[in-house]
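Now for the letters of each chain:
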Amino acid sequence: MRSSGASCQGGAPKQRGTANPVPGIVLAVGAHPDDIEFGMAGTLLLLRGGGWEVHYLNLGNGCCGGQKHGPEELSRIRLGEAKRAAKALGARFHPPFCNDLEIFYELRLLRRVAAVIREIRPNIILTHPPVDYMEDHTNTCRLVVSAAFAHAMPNFRSVPSRPTADYDITIYHCVPHTLLDPLRRPVEPECFVNVAAVLDGKCAALAEHRSQQAWLETSQGMDSLRARVEANARLIGSVSGRFEFAEGWRRHLHHGFSAADIDPLREALGMDYSSNET
Ligand SMILES: [Zn+2]
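Calculation notes
- Residues numbered from 1 in each chain as written.
- Predicted model: local features only at pLDDT ≥ 70, side-chain atom pairs only at ≥ 80, totals over all residues.
- Core = buried A, V, L, I, M, F, W, Y, C linked by C-beta atoms within 7 Å.
- Buried ≥ 20, exposed ≤ 12 C-beta atoms within 10 Å, placed from the backbone.
- Helix = DSSP H or I, 4+ residues; strand = E, 2+ residues; numbered from the N terminus.
- Contact = placed C-beta atoms within 7 Å.
- Pairing = 2+ DSSP bridges.
- Right-handed = clockwise from strand over helix to strand, strands pointing away.
- Expected span 1.5 Å × (residues − 1).

A. Geometry of the nonpolar core. Counting residues in each nonpolar core, the largest one holds 66 residues, and the members touching the most others are L44, L89 and A148. Looking at this core element by element, the count peaks at seven residues for helix 5 (residues 135-149). With residues near it in sequence (within four places) discarded, L89 still touches A41, L44, L45, R48, V54, Y56 and A205.

B. Structural view of unusual backbone geometry. With an omega dihedral of -5°, the bond running from V159 to P160 counts as a cis peptide bond. As for its placement among the helices and strands, P160 is situated in the loop between helix 5 and strand 5 (170-174). Phi is positive for T178, which is not a glycine, with a value near 60°. Mapping T178 onto the fold places it in the loop between strand 5 and strand 6 (191-194). The residue L179 is not glycine, and still its phi comes out positive at about 60°. In this structure, L179 sits in the loop between strand 5 and strand 6.

C. Seen up close, the pairing of strand 4 (residues 124-127). Residues of strand 4 alternate between two faces, with I124 and L126 on one and I125 and T127 on the opposite face, all of them buried. Across four bridges, the pairing between strand 4 and strand 5 is parallel. Its bridge partner lying in strand 5, I125 is registered against I171. For the segment spanning strand 4, helix 5 and strand 5, crossover handedness is right-handed.

D. Helix 4 (residues 107-120), seen in detail. For helix 4, which comprises 14 residues, the first-to-last C-alpha distance of 20 Å matches the rise-based estimate of 20 Å (1.5 Å per residue) to within 8%. Along its buried surface, helix 4 packs onto strand 1 (25-30), strand 2 (53-58), strand 3 (92-94) and helix 5. Immediately downstream of helix 4, the backbone of R121 shows phi near 55°, a positive value.

E. Main features of the environment of H209. Assignment of secondary structure puts H209 in the loop between helix 6 (199-207) and helix 7 (210-220). Looking at H209, the number of C-beta atoms within 10 Å reads 24, which means it is buried. Counting along the chain gives 43 residues from H209 to D166, while the straight-line C-alpha distance between them is 37 Å. Excluding its chain neighbours within four sequence positions, the residues that come into contact with H209 are P33, D34, E37, E81 and A85.

See below:
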């Protein structure tokens with residue numbers, strides 16, 4: 001039962017039905033093509049392996065992530081890469097809404113994201129940290145949080161219009177790259193997911209973003225996408241004190257979204273999930 005206040009209650013309670021043929025539905029939302037692969041794909045693959053229905057949405061089309069092509073050609077290239085990456089993750093692809101660096105916390109985008117959430121009815125949403133080094137990431141997170149908050153609010157109109165449903169949604173924020181916030185302060189994950197068994201799959205999905213290899217070498221001094229993924233997963237794993245390779249997560253406060261004590265990632269992943277005891 002949701003524990004939200006009266007102001008955010010929707011219509012008649014409508015739980016995800018017992019007739020639901022899958023154990024759960026997860027939606028990953030990134031700002032740009034390859035963000036999901038870097039921070040969230042291992043967890044998606046584990047959920048997929050457990051029978052979950054997986055959905056994949058980037059708000060931005062990737063049009064600014066390179067110097068060799070113009071924005072239209074680059075967004076076309078990156079659309080193909082993102083579709084192939086989603087396929088590699090066993091996810092249903094949802095098309096982007098806007099250009100890179102044009103992801104603002106504004107009504108048009110909020111209505112579009114709300115429609116996707118209402119259509120999919122995810123139990124879990126994975127997205128960026130509430131504060132991250134790039135504003136597109138932070139704004140994506142804000143849009144997702146507000147759109148999810150409105151999942152049971154029929155008086156907020158989505159575009160296209162989709163019916164609301166009153167059920168539990170749990171949002172998990174991935175950890176920022178290198179576990180640092182924009183002011184260089186360390187970020188502590190609340191929980192860890194063991195991605196050792198799916199690291200190859202995560203890297204295979206990332207490898208579909210071929211246009212990004214050279215761009216990241218030039219713009220951010222990264223030697224290779226695979227090396228970056230491994231180093232980051234090893235860093236998070238070392239903080240876990242339990243897993244060699246991990247993804248880290250922080251759970252959004254439940255108010256307005258779900259019952260207080262639910263943690264569906266823990267339920268779904270069992271031994272591959274570990275709380276941060278510190
Ligand atoms: Zn990004």
